[in-house]
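Breakdown of the fold
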Amino acid sequence: MAVLNRFFFIHKVFLFIFAPNPLTMKKISLFCFAVLLLSACTQQRAEANYDVIPQPKEVNLNADGHFLITATTKVYYEEGLEREAQFLSEYVNDILGYPLQTMAFDGQAQGIVLKQVPEDFDKAEAYEMEVTPKLVTIKGSDAAGVFYGVQTLRKSLPIAPEDTKLPAFLPCGTIRDWPEFAYRGMHLDPCRHFMDLDSVKIYIDMLALHNMNQFHFHLSEDQGWRIEIKKYPELTKVGAYRDGTVIGRNGRLYDSIRHGGFYTQEQLRDLVQYAAERHVNIIPEIDLPGHMQAALASYPWLGCTGGPYEVWKRWGVSDDVLCAGNEETMLFVEDVLNEVMDIFPSPYIHIGGDECPKVRWEQCPKCQAKIKELGIKADDRFSKEDYLQSYVMNRMAKVVEARGRRVIGWDEILEGNVSETAIIMSWRGTEGGIEAAKKGHDVIMTPASHLYFDYYQSEDPATEPSCVGGYLPVSRVYEFRPLPKELTPEQQKHIIGVQANIWTEYIKSFHHVQYMAMPRMDALSEIQWNNPDPESRDFDAFVERCRHMAQLYDLYDYYYAKQIFNPQVYTDTVAPNLATRKPIFLREEPNEKYASKGAVILNDGEMGRIAYTSGRWLGFWGQPLDAVIDLEEPAPMSHVRFRSLVNKGAWIYNPSHASVMVSDDGENFREVAQLDIPITTWMDNDGNFTYELEFEPVTARYVEVIVKDHMLPEDHDGYGYPAWIFVDEIEVF
Ligand code: ACM
Ligand code: ZN
């Protein structure tokens, strides 16, 4: 149509200018036709590409034929789908440069039609998009299905250059698509650093763009209470603000900047509506009975000691928690949950349950009296206080269930006798989720190992905004298997969903939140929506599909990390030396989590970098590295060099001591060198450190290297435990 219009337009202009005789007219017509052909051949046609993220399950393209979207294309909607039609019009305006007119379907459509046909689908949130030259039909199992069809169309469109209007050709064919997991979530912590309402709305837009339907909104913390509760106004008067924040990581320096903020109930109701239009459910979390110091600062009678308490200025896990033995405290929590449920219609209410130290309860007369009253006994698995926490969680589960909702709790709630109906959020690995599914609980997988998006995403943190630590590249997210092999197919049905979490201790701005989220969210969305067979996952093809998403991020001014688009290949090798690739064995096995390929990692000539998860390092916890290298024949030597890693946030410290021994027969060793290494401090950088031991020249066949750990120091959250040591490439020369 548009092509022909253009022909007639060029034609008319020439006829008008030259007012020609019939012969010239014929020539002009031919000339115009040639101009048109030339322009059609030289101009790249702007075609939609259905290879979007998450990838649709079934795409069957016809051999040829297109539907053309132009500014005159109309969107027709059946009853209940007006908002979906408006979204489509807005997206086309964003991407192609013009809105589409939307109107109720009258049975006579030529254009794009949105309908719900539940009987054509056996899954919820499913859709089919059929493209013919005259008609695009997006038919959904429900309004959500139509919405995801609209998202796929949106993500398939070519992007118009700024300030231009671009017609788009949609290849004819049929797409059928549905989600693998009903629960597809992202979490956000606006407590450690407050995120304003407009930013949270953008976060919800980001979820919708990635076909996610659950927003886990973490609303209470030691460092800030973020939700207005009418019955307890001090929670936001006092609890929403802290008078300073720890600087750096040594726990001793604080700024004196007042930080905080909260959401009113009216704002939250508006947010619920905003999310619902985008088929996103908001799950509020009130984290209890731990992580409650901001509430304690607001109402000191909530705690075991009565305070005084302050809204916490540092990170970590506070010993001050809700007093489980105080009936008034329990009634307070019930009131809070009831107000929360008045605001959020969510079928799920998150009640936390993670990281609740029991030291106050052990000393508190009220808590101990409650333990007696309830007849709680310790057993060989759990303490009395663990069971007291179960009492709190189960009591609150009843309050939630009385209103027809279900509770979600972090996997610590398995420690004790958790209510059977609770949904377990498995964050300390997948083990909690496996145990819970075996017991018949529904489970949401969100293991820190693959889905904590507060970790670095490159091997070189110097190139990234500072964050809590760790290393979680997009490729690792893409490797995640939500359905553990340890579970039977029947038990696997309890894995209802997958989620990633963004904690904000070191994330002060919403731009940084976006940078941490994307493109890891792309990888997550493919797993949530498709859970592709691990054997057939193709990371390179995924990255290619991400490129168009990145263009959309640019269009919407979303910040995102770009490492996957410019991968750096690190080939850090050490010069060949006496030890290189010689037989090596370990007297003590590394920790099984960081055993990689075993001892050979230590002298294969390739060095580990910053990422302790790269497989280039061996990790030891609570035991030394003790390696013996057989040089295969006696050789003169005077140096041993090795490397170790420091990542204090991940409990990895430098070694305390290293020694070198040599032997002629592999049995009788004599020490030739030793080195004491002082413990690194918070004033020192993390990174990769090399140690060298020099000794009197000696000739020997066997070399033994022993590297010992430090204990974690007093100013570390893990004080009292051993530090990890990570060692790589040992050189002998
Ligand atoms: C958590 O990361 N404490 C759930
Ligand atoms: Zn108490």
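Up top you'll find the structure we're talking about.
Right, let's walk through the structure included here. (Residues numbered from 1 in each chain as written. Chains lettered and ligands numbered in written order. Predicted model: local features only at pLDDT ≥ 70, side-chain atom pairs only at ≥ 80, totals over all residues. Heavy atoms only, no water.)

**So, the coordination of the zinc ion (ligand 2)**
To be explicit about the condition: Listed donors are limited to N, O and S atoms within 2.8 Å of the metal, widened to 3.2 Å for Na, K and Ca; water is not among them, so incomplete-looking sites are possible. Each label reflects the angles at the metal, where four donors whose angles all fall between 85 and 135 degrees are tetrahedral, four or six donors whose opposite pairs open beyond 155 degrees and whose other angles stay between 65 and 115 are square planar or octahedral respectively, and the rest are irregular. Partly exposed describes any residue whose relative accessible area lies between the buried limit of under 20% and the exposed limit of over 50%, with all areas from a 1.4 Å probe on protein chains only and scaled to the type maximum.
At this site the zinc ion (ligand 2) is bound by Cys304 (SG), Cys323 (SG), Cys364 (SG) and Cys367 (SG), with donor distances of 2.3 to 2.4 Å. Taken together, the four donor atoms coordinating the zinc ion (ligand 2) span angles of 108 to 113° at the metal, a pattern that classifies the geometry as tetrahedral. Each donor residue of the zinc ion (ligand 2) lies on the same chain, and together they follow the pattern C-x18-C-x40-C-x2-C. Pair check on accessibility: cysteine 364 and cysteine 367 agree, each one buried.

**Quick notes on the pattern of salt bridges**
Defined as follows: We define a salt bridge as a side-chain nitrogen of Lys or Arg found within 4 Å of a carboxyl oxygen belonging to Asp or Glu. Runs of E in the DSSP output that reach at least two residues are strands. Runs of H or I that reach at least four are helices, and both are numbered from the N terminus.
Considering all chains together, one arrives at 42 salt bridges under this definition. Here glutamate 128 and lysine 139 are joined by a salt bridge, their closest N and O atoms 3.8 Å apart. Of the two residues, glutamate 128 sits in strand E5 (residues 127–131) while lysine 139 sits in strand E6 (residues 135–140), which places them eleven residues apart along the sequence. Both residues of the pair, glutamate 128 and lysine 139, belong to the buried class. Two residues, arginine 481 and glutamate 535, come together in a salt bridge whose shortest N-O distance is 3.7 Å.

**What to know about unusual backbone geometry**
Here isoleucine 53 and proline 54 are connected by a cis peptide whose omega angle stands at -5°. Among the secondary structure elements, proline 54 is positioned in the loop between helix H2 (22–42) and strand E1 (58–69). Cis geometry marks the peptide bond from glycine 307 to proline 308; its omega dihedral reads 5°. Phi angles above zero are rare outside glycine, and glutamate 632 is one such case at about 75°. Within the secondary structure, glutamate 632 sits in strand E22 (residues 625–646).

**So, the side chain of asparagine 211**
Defined as follows: Should any heavy atoms of two residues lie within 4.5 Å, those residues are considered in contact.
With respect to the element layout, asparagine 211 can be found in the loop between helix H5 (197–209) and strand E9 (214–218). Once you skip the residues sitting within four places of it in the chain, asparagine 211 turns out to touch Pro54, Tyr148, Gln151, Lys155, Arg184 and Trp529.

**Looking at the side chain of glutamate 412**
Inclusion rule: As used throughout, the charge tally considers Lys and Arg to be positive and Asp and Glu to be negative, leaving His and the chain termini uncounted. Here a polar contact means two N or O atoms within 3.5 Å. Within protein one must be a hydrogen donor candidate and the other an acceptor candidate, and residues neighboring in sequence count only if both atoms are side-chain atoms.
Among the structural elements, glutamate 412 can be located in the loop between strand E16 (406–410) and strand E17 (423–426). One buried charged side chain, glutamate 412, makes no salt bridge at all; its nearest oppositely charged neighbour is arginine 428, positioned 4.1 Å away. A distance of 3.1 Å separates a polar atom in the side chain of glutamate 412 from the backbone nitrogen of glutamate 355. There is a polar contact of 2.9 Å between the side chain of glutamate 412 and the side chain of tryptophan 427. Once residues within four sequence positions are removed from consideration, glutamate 412 is found in contact with Gly353, Asp354, Glu355, Trp427 and Arg428.

**Some remarks on the sheet that holds strand E7 (residues 168–177)**
Applied cut-off: Between any two strands, at least two bridges found by DSSP are needed for them to pair. Inter-axis angles, ranging from 0 to 180 degrees, are taken between N-to-C directions of lines fitted to C-alpha atoms, where helices are fitted over the stretch in contact.
With respect to topology, seven strands assemble into an open sheet ordered E1-E7-E5-E6-E4-E2-E3, the strand pairing being mixed. Edge positions in the open sheet fall to E1 and strand E3 (101–104), since each of these has one partner strand only. The average undirected angle you get between the axes of adjacent strands in this sheet is 20°. Relative to E6, strand E4 (residues 111–116) runs parallel, the two being bridged by six bridges. Bridge assignment links glutamine 116 to a residue of E6, and that residue is glycine 140. Sitting on the sheet, helix H4 (residues 143–156) touches E4, E5, E6 and E7, and the angle it makes with E6 is about 140°.

**Notes on the environment of arginine 269**
Mapped onto the elements, arginine 269 comes out in helix H7 (residues 265–277). A C-alpha to C-alpha distance of 7.3 Å links arginine 269 and phenylalanine 344, two positions 75 residues apart in sequence.

**Some words on the packing of H5 against helix H17 (residues 510–517)**
Heads up, the condition is: Should an angle fall under 35 degrees it is taken as roughly parallel, and over 145 as roughly antiparallel, whereas 65 to 115 is taken as roughly perpendicular and any remaining angle as oblique. The crossing is said to be left-handed when, going from far helix to near helix, the turn is anticlockwise and less than a right angle, and right-handed when the turn is clockwise.
At their nearest, the axes of H5 and H17 sit 11 Å apart, and the two run at 15° to each other. When the axes of H5 and H17 are compared, the pair comes out roughly parallel. The chirality of how H5 crosses H17 is right-handed. In this structure, H5 uses Ser199, Ile202, Tyr203 and Met206 to contact H17, whose residues at the interface are Phe510, Val513, Gln514 and Ala517.

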